[in-house]
Amino acid sequence: MVKITMIARVTDGLPLAEGLDDGRDLQDSEFYKQQVKALFKNLSKGQNEPSRMSIETGPYIFHYIIEGRVCYLTMCDRAYPKKLAFQYLEDLKNEFERVNGAQIETAARPYAFIKFDTFIQKTKKLYQDTRTQRNIAKLNDELYEVHQIMTRNVQEVLGVGEKLDQVSEMSSRLTSESRVYADKARDLNRQALIRKWAPVAVVLGIVFLLFWVKAKIW
């Protein structure tokens, strides 16, 4: 099953699009997304990696293709057919080039083509069930072969130890920063509520006090 889909410009590693619903049911999704970004960064350094590769990471496997200085990457379960994964990426590549090809080089901000998520989600649904007649036909297509596509381990690609520690540290830092941001947001909301209702509470308090004094006098 397809878990994560991301598209980036190879020249500088700039993320261009991704599946917005990806990783919601995936444990440690942020960690794997940071691994993907580290892979994009490696590619941007001109590491002369093959234009098609599979990279094992834990219980999953990354598959990517590079075409027109753009990297199309997906992460799937290890049991998911390699042939379908690469055909899925080919479909994304063809549509992305058709719709956004002229703007890829001039994109200046991350996720400039985030609207491409609509096509990613629609295409991903077509490839999720490997038993459909459509996908069985693709698996039997002898004109599309993936046997010679190299498979490596993520530790070989990113480097053993230090680089993986950096990815893990980055993921932990992002999680920590997210929690801090959430706490600050709650504090700001609380302060806003206090500022909004404090004057009302004061006025009501004065009114009740006046009624109480008046009752005592009478």
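Residues numbered from 1 in each chain as written. Predicted model: local features only at pLDDT ≥ 70, side-chain atom pairs only at ≥ 80, totals over all residues. Heavy atoms only, no water.

**Examining the UniProt feature "transmembrane region" (unreviewed entry) in the protein chain**
Mapped onto the present numbering, the UniProt feature "transmembrane region" (unreviewed entry) falls on residues 193-213. Taken end to end, residues 193-213 comprises 100% helix and 0% strand; its first and last C-alpha atoms sit 30 Å apart. (UniProt positions renumbered as here; feature names shortened; annotations may be inferred. Helix = DSSP H or I, 4+ residues; strand = E, 2+ residues; numbered from the N terminus.)

**Description of the nonpolar core**
If you look at the biggest cluster of nonpolar residues, it comprises 27 residues, and the most contacted ones within it are Ile7, Leu16, Phe96 and Phe116. Broken down by secondary-structure element, the contributors of at least two residues to this core are strand 1 (2-9), strand 2 (15-18), strand 5 (70-77), helix 2 (82-100) and helix 3 (117-128). With 7 residues, helix 2 is the single largest residue contributor to this core. What Phe116 contacts, discounting residues up to four positions off in sequence, is Ile7, Ala17, Leu92, Glu95, Phe96 and Asn100. The next biggest cluster of nonpolar side chains, apart from the first, holds 23 residues, and it includes Leu43, Ile55, Tyr64 and Cys71. (Core = buried A, V, L, I, M, F, W, Y, C linked by side-chain atoms within 4.5 Å. Buried < 20%, exposed > 50% of the residue type's maximum accessible area, 1.4 Å probe, protein only. Contact = heavy atoms within 4.5 Å.)

**Here we look at the pattern of salt bridges**
Using the criterion set out here, one finds 12 salt bridges in the structure. As a salt-bridge pair, Arg9 and Asp12 come within 2.7 Å of each other at their nearest N and O atoms. The exposure class of Arg9 is buried, given its relative accessible area of 7%. The salt bridge involving Arg69 is made with Glu105; its shortest N-O contact spans 3.6 Å. One end of the pair, Arg69, is in the loop between strand 4 (60-67) and strand 5; the other, Glu105, is in the loop between helix 2 and helix 3, and 36 residues separate them in sequence. Overall, Glu105 belongs to the partly exposed group, its relative accessible area being 43%. Each of Arg52, Glu67, Glu90, Lys93 and Glu97 takes part in salt bridges that share partners, so that together they form one network. (Salt bridge = Lys/Arg side-chain N within 4 Å of Asp/Glu carboxyl O.)

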